[in-house]
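Fold and geometry: a report
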Amino acid sequence: VQLQASGGGLVQPGGSLRLSCAVSGSTFNSYVMGWFRQPPGKEREFVAAIKWNGGSTTYADAVKGRFMIFKDTAKNAVYLQMGSLKLEDTASYYCEAARGLITSVMSNPTKYTYWGQGTLVTVSS
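Summarised in this report is the structure supplied together with it. (Residues numbered from 1 in each chain as written. Predicted model: local features only at pLDDT ≥ 70, side-chain atom pairs only at ≥ 80, totals over all residues. Heavy atoms only, no water.)

Turning our attention to the environment of Phe36. Along the chain, Phe36 falls in strand E4 (residues 31-38). In this structure Phe36 comes out as buried when scored by relative accessible area, which is 0%. A C-alpha to C-alpha distance of 5.0 Å links Phe36 and Val47, two positions eleven residues apart in sequence. Among residues more than four places away in sequence, those in contact with Phe36 are Arg44, Glu45, Phe46, Val47, Ser92, Tyr93, Tyr94, Glu96, Ser107, Pro109 and Tyr112. (Helix = DSSP H or I, 4+ residues; strand = E, 2+ residues; numbered from the N terminus. Buried < 20%, exposed > 50% of the residue type's maximum accessible area, 1.4 Å probe, protein only. Contact = heavy atoms within 4.5 Å.)

Let us now look at the side chain of Thr90. Secondary-structure assignment places Thr90 in the loop between strand E8 (77-82) and strand E9 (91-99). Given the relative accessible area of 17%, Thr90 is considered buried. Of note is the side chain of Thr90, whose polar atom sits 3.0 Å from the backbone oxygen of Leu87. Setting aside residues no more than four positions away along its own chain, Thr90 makes contact with Pro39, Pro40, Val121, Thr122 and Val123. (Polar contact = N/O pair within 3.5 Å; in protein donor to acceptor, adjacent residues only side chain to side chain.)

Now for the environment of Lys111. Locating Lys111 in the fold gives a position in the loop between E9 and strand E10 (114-115). Distance from Lys111 to Leu101, taken between C-alpha atoms, is 7.7 Å for residues ten residues apart in sequence. Filtering out sequence-adjacent residues up to four positions away, Lys111 remains in contact with Ala98, Leu101 and Val105.

Okay, the pairing of strand E3 (residues 17-24) next. Along E3, the buried face is formed by Leu17, Leu19, Cys21 and Val23; none of Arg18, Ser20, Ala22 and Ser24, which line the opposite face, is buried. Looking at chain direction, strand E1 (residues 2-6) and E3 are connected through five bridges and run antiparallel. Bridged to Leu3 within E3 is Val23. Bridge analysis of E3 against E8 gives six bridges, and the strand direction is antiparallel. (Pairing = 2+ DSSP bridges.)

Here it is, written out as structure tokens:
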């Protein structure tokens, strides 16, 4: 399984940005796709996740109502639409995948077994 995140950049507080993740190397019907981030000097943290089959989602409290995760199965891609960005959203964002996760553990970073290179999001005025 290969994942490639893109779309990061510099954005002002209050702005929006869309991250993309191209996925390949398998059929993903049983997979969960997640976005994680690692702020400078901090631990990796969960942002959002979506089940490939069915599309159920879960979000970290810090991004609820501001971020939206969605997928395009025809393009084998997962997206993270980020809005109302805050300084504390500055981080490297990673797209990750796991097979067969139940909803209760979709936010657990240790359950994900595939990830790609991150894309840097900098929120600054």
